[in-house]
Amino acid sequence: MARANPLQFIQQTRAEVSKVVWPTRREVVLTTVMVFIMAALTAVFFGLADLLIRSGLQAVLTVFG
């Protein structure tokens, strides 16, 4: 693979960065809020699953223990 000189590399890098479409502030805020909501829902789900498994295990241990 041929090596590009540093000046050409910088020019190509700037050209690629100029093609990037940056999100608006509103998009960033909405995405952040959605991440927090999904994290909270996931925490609730796994908390309930843990509670259910723990209760079931305790019931089995009291019957057979």
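The rules behind these values
- Residues numbered from 1 in each chain as written.
- Predicted model: local features only at pLDDT ≥ 70, side-chain atom pairs only at ≥ 80, totals over all residues.
- Heavy atoms only, no water.
- UniProt positions renumbered as here; feature names shortened; annotations may be inferred.
- Helix = DSSP H or I, 4+ residues; strand = E, 2+ residues; numbered from the N terminus.
- Rg over C-alpha atoms; globule rule 2.2 N^0.38 Å.
- Buried < 20%, exposed > 50% of the residue type's maximum accessible area, 1.4 Å probe, protein only.
- Areas by Shrake-Rupley, 256 points an atom, 1.4 Å probe, with all protein chains shown as cover.

- You'll find the protein entered in an unreviewed UniProt entry as Protein translocase subunit SecE, with Lutimaribacter pacificus given as the organism.
- What the UniProt record of the protein gives under Subunit (unreviewed entry) is the line "Component of the Sec protein translocase complex. Heterotrimer consisting of SecY, SecE and SecG subunits. The heterotrimers can form oligomers, although 1 heterotrimer is thought to be able to translocate proteins. Interacts with the ribosome. Interacts with SecDF, and other proteins may be involved. Interacts with SecA."
- Entered under Sequence similarities (unreviewed entry) in the UniProt record, the comment concerning the protein runs "Belongs to the SecE/SEC61-gamma family."

## Focus on the overall build of the protein
Item 1. A tally of regular secondary structure across the protein gives two helices and zero strands.
Item 2. In summary, the protein has a C-alpha radius of gyration of 26 Å against a globular reference of 11 Å for 65 residues, an excess of more than 25%.
Item 3. In terms of overall dimensions, the protein has C-alpha extents of about 75 × 35 × 10 Å along its principal axes.
Item 4. Counting only residues that meet the buried cut, the protein has 0% of its 65 residues in that class.
Item 5. Total accessible area on the protein stands at roughly 6500 Å², and carbon and sulfur atoms take up 72% of it.

## Some remarks on the UniProt feature "transmembrane region" (unreviewed entry) in the protein
Item 1. Taken from the UniProt record, the annotation "transmembrane region" (unreviewed entry) applies to residues 28-49.
Item 2. Helix makes up 100% of residues 28-49 and strand 0%. Its end C-alpha atoms lie 31 Å apart.

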